[in-house]
Amino acid sequence: RAQLLALKESQMVVVRYYGWRLPMFSMFPNAVNLWATDTAETPLPLFNILFFSVLILVAVTVWWKIRRFRQRRQAGNQPV
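This report concerns the structure included in the present document. Worth saying up front: this structure is predicted, and the values here are computed from it rather than measured.

Here we look at the overall build of the protein chain
Moving on, step 1. Looking only at helices and strands, one finds two helices and two strands in the protein chain.
Moving on, step 2. Counting helices and strands in the order they occur from the N terminus, the protein chain gives α-β-β-α.
Moving on, step 3. Relative to its length of 80 residues, the protein chain is extended, with a C-alpha radius of gyration of 24 Å against a globular reference of 12 Å.
Moving on, step 4. Oriented by its inertia axes, the alpha-carbon framework of the protein chain measures out at about 80 × 30 × 15 Å.
Moving on, step 5. In the protein chain, buried positions account for 5% of the 80 residues.
Moving on, step 6. Taking the contacts inside the protein chain whose residues are at least 6 apart along the sequence as the reference set, 33% of them involve residues at least 24 apart.

Topic: the packing of aromatic side chains
Moving on, step 1. The final tally for this structure, using the stated rule, is two aromatic pairs.
Moving on, step 2. Both rings, one in Phe-47 and one in Phe-51, keep their centres 6.0 Å apart while their planes meet at 15°; by these two values the pair is stacked. In this pair, Phe-47 and Phe-51 both sit in helix H2 (residues 46–77), four residues apart, roughly one turn of the helix.
Moving on, step 3. Assessed through its relative accessible area of 41%, Phe-51 is described here as partly exposed.
Moving on, step 4. With 5.2 Å between their ring centres and 75° between their planes, Phe-51 and Phe-52 make a pair best called edge-to-face.
Moving on, step 5. Take Phe-52: its relative accessible area is 40%, and that puts it in the partly exposed class.
Moving on, step 6. Counting every residue linked through ring pairs, the aromatic cluster contains Phe-47, Phe-51 and Phe-52.
Moving on, step 7. If you follow Arg-68 out to its NZ or CZ, it ends over the ring of Trp-64, 4.7 Å from the centre.

Comments concerning a nonpolar patch on the surface
Moving on, step 1. Nonpolar side chains collect at one region of the surface, where Trp-20, Leu-22, Met-24, Phe-25 and Met-27 lie side by side and expose about 660 Å² of accessible area between them.
Moving on, step 2. Along the polypeptide, Met-27 turns up in the loop between strand S1 (12–18) and strand S2 (30–37).

Focus: the environment of Arg-1
Moving on, step 1. Within the element layout of this structure, Arg-1 appears in the segment before helix H1 (2–6).
Moving on, step 2. Along the primary structure Arg-1 and Leu-34 are separated by 33 residues, whereas in three dimensions their C-alpha atoms are 7.7 Å apart.
Moving on, step 3. For Arg-1, the contacting residues outside a window of four places in its chain are Asn-33, Leu-34 and Trp-35.

Analysis parameters
- Residues numbered from 1 in each chain as written.
- Predicted model: local features only at pLDDT ≥ 70, side-chain atom pairs only at ≥ 80, totals over all residues.
- Heavy atoms only, no water.
- Helix = DSSP H or I, 4+ residues; strand = E, 2+ residues; numbered from the N terminus.
- Rg over C-alpha atoms; globule rule 2.2 N^0.38 Å.
- Buried < 20%, exposed > 50% of the residue type's maximum accessible area, 1.4 Å probe, protein only.
- Contact = heavy atoms within 4.5 Å.
- Phe/Tyr/Trp six-rings, centres within 6.5 Å; stacked < 30°, edge-to-face > 60°.
- Lys NZ or Arg CZ within 6 Å of the ring centre and 35° of its normal.
- Patch = residues over 30% accessible without salt bridge, like charges linked within 9 Å, V, L, I, M, F, W, Y side chains within 5 Å.
- Areas by Shrake-Rupley, 256 points an atom, 1.4 Å probe, with all protein chains shown as cover.
- Salt bridge = Lys/Arg side-chain N within 4 Å of Asp/Glu carboxyl O.

Structure below.
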């Protein structure tokens, strides 16, 4: 399918993939889907943005709760 789309010189192609490029191990992302497009715009990965935003929010919340717990515990151990 990629070769058929590449036959036209001016044809732009969008590639949906997963994974990361790791040059040290000569690993490339896995292509899942290809389709032709007329614009040079990069599609916005909404799922990735939402997923990582929620993940960061959860991590910050857990860090904040642990920090507050430690502060309360240290405040209770100080002599009067």
